[in-house]
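# Breakdown of the fold
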Amino acid sequence: MRKVVGFSRWVHLIYLGNLLWAPIFDPATDWVDWALVAVVVVAFVPMYVLSWHRPELIRWRCLVPTVVLGALVTPFNTGAAVLFVYAGVFAGLAESRRVAMRWFVALTALICLFGVVSTVELPYRIYGLLPSLVFLWLIGIVQVDWAERERERSDLRIRNARIEHLATLAERERIARDLHDLLGHTLTAIIVRAQLVAADPGRAQDEAAEIERTARAALGEIRDAVTGWRTASLDTELEAARAALASLGVEVVVRRDPDLVIVGSTEHELALALREAVTNVARHSRARTCHIGIEARDGELRLVVADDGVGGHSPEGNGLTGMRERIAALGGLVARTASAGTTVTIAVPLKVAT
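Conventions we followed
- Residues numbered from 1 in each chain as written.
- Predicted model: local features only at pLDDT ≥ 70, side-chain atom pairs only at ≥ 80, totals over all residues.
- Heavy atoms only, no water.
- Helix = DSSP H or I, 4+ residues; strand = E, 2+ residues; numbered from the N terminus.
- Buried < 20%, exposed > 50% of the residue type's maximum accessible area, 1.4 Å probe, protein only.
- Contact = heavy atoms within 4.5 Å.
- Pairing = 2+ DSSP bridges.
- Polar contact = N/O pair within 3.5 Å; in protein donor to acceptor, adjacent residues only side chain to side chain.
- Axes fitted to C-alpha atoms, helices over the stretch in contact; angles between N-to-C directions.
- Core = buried A, V, L, I, M, F, W, Y, C linked by side-chain atoms within 4.5 Å.
- Parallel < 35°, antiparallel > 145°, perpendicular 65-115°, else oblique.
- Left-handed = near helix turned anticlockwise from the far one by under 90°.

## Considering the overall build of the protein
When you go through the protein residue by residue, the secondary structure sums to twelve helices and five strands. When burial is assessed residue by residue, the protein has 37% of its 354 residues classed as buried. Considering only residue pairs separated by 6 or more positions, the protein has 68% of its internal contacts joining residues 24 or more positions apart.

So this is what it looks like as structure tokens:
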């Protein structure tokens, strides 16, 4: 395909044959006329080739020099007006449509001027200038349309590349958040049960089985997270929260509106947020009681996790940051307050959640 395009570019140089009409048919032609044709070809071809490879240089290295060359030669050989057609192509390739049209008008005026001041006799003067005047607009407008389509395709490729890059970053962030949520919760549960074994060796067998079950479940969830098929349920996370906190001696009180139906995507994000909040309670709070509430109020779906421990004065980590990012994507907010314990309130617009 590239060879075909390159060949077609060389074929377009055939229009320089217009330079030959005057030397061939003018009885008064001498070597000076043929030398002038040779000079035009030798001077123009490098500029034409440059326009293929360095489009950013077309205006000053191709367009303007071609116009100057045509202006110098056309008074003596009206076939050189074909250079103004090439100049129109350069303008269409390098300039916006508005600027290119201005070039076309200026080149048209220049051709008309040479129709008056050329040294070539009539009607041969018209025969040399008129075709270039017509092709200037025909080929020039076609070139403008083609260049605009190429620029649009180039912009589309750039936009698609940016979208792919942003999608890749978003997927990396999703996997990072999911792995953080999974590993943080699972490792906390395993550590807690290992501590129970150390404190009461008699529970070793039961706790070892529970540790194995937790680890296997986490392995499956990690695989699902990496492949993008992971979904989390609020009911599952509530049961896991009860089990994890009960093993630490924390009483869990759940208040949930039984008539509240939550869409899958929102429930997934809320379940992960609940997991992170409960993990923080298990890690930092040293609480005796944890209240979990899920209800609709004032046009919002609210998930509240409140404990009576001491963890609220610790700095926020990656878990809360990831939680805020998840909920912000739903148009919601996360608030963390600390007084007599810690309260994490997650609010999502009800129209998104149900």
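## A closer look at the pairing of strand β3 (residues 300–307)
Where strand β2 (residues 289–297) lies against β3, eight bridges are found, and the strand directions are antiparallel. Across the sheet, Gly293 pairs through a bridge with Val304, a residue of β3. Where β2 hands over to β3, the hairpin turn is made up of two residues, of which Asp298 adopts a positive phi near 55°. Sheet topology note: the β3/strand β5 (residues 341–349) ladder contains eight bridges and is antiparallel. Residue pairing across strands places Val304 opposite Thr345, the latter belonging to β5.

## Brief notes about the environment of Arg256
Residue placement: Arg256 occurs in strand β1 (residues 251–256). Residues Arg256 and Ala296, 40 residues apart in the sequence, show an inter-C-alpha distance of 9.5 Å. Leave out the neighbours within four places in its chain, and Arg256 touches Leu234, Asp235, Leu238, Ile262 and Ile294. Engagement of the side chain of Arg256 in a polar contact is seen with the side chain of Asp235, the distance being 2.4 Å.

## Re unusual backbone geometry
One non-glycine residue, Arg286, lies in the positive phi region at around 55°. Secondary-structure assignment places Arg286 in the loop between α10 (264–285) and β2. The exposed category is assigned to Arg286, whose relative accessible area is 72%. We note that Asp298 has phi near 55°; this positive angle belongs to a residue other than glycine. Residue placement: Asp298 occurs in the loop between β2 and β3.

## Focus: the sheet that holds β3
In space, the five strands of this open sheet follow the order β1-β2-β3-β5-β4, with mixed pairing throughout. Each end of this open sheet is capped by a strand with a single partner; those strands are β1 and β4 (333–339). The average undirected angle you get between the axes of adjacent strands in this sheet is 10°. The sheet strands contacting helix α9 (residues 234–246) are β1 and β2, and the helix crosses β1 at an angle near 160°.

## Observations regarding the nonpolar core
One finds Leu16, Phe44, Tyr48, Leu69, Phe84, Tyr86 and Phe90 to be the most contacted residues of the largest nonpolar core, which totals 33 residues. Breaking this core down by element, the ones donating at least two residues are α3 (31–53), α4 (58–73), α5 (82–94), α6 (97–117) and α7 (124–199). Sorting elements by how many residues they give to this core places α5 first, with eight residues. When residues no more than four places from it in sequence are discounted, the contact partners of Tyr48 are Arg9, His12, Leu13, Tyr86 and Phe90. Core analysis: the second largest hydrophobic core is formed by 32 residues, Ile294, Leu303, Val305 and Met323 among them.

## Re the packing of α3 against α5
For the pair α3 and α5, interaxial distance at closest approach is 12 Å and the crossing angle is 15°. Relative to α5, the element α3 lies roughly parallel. By crossing handedness, the relation of α3 to α5 is classed as left-handed. Of the residues in α5, those touching α3 at Val40, Phe44, Met47, Tyr48 and Ser51 are Leu83, Tyr86, Phe90 and Leu93.

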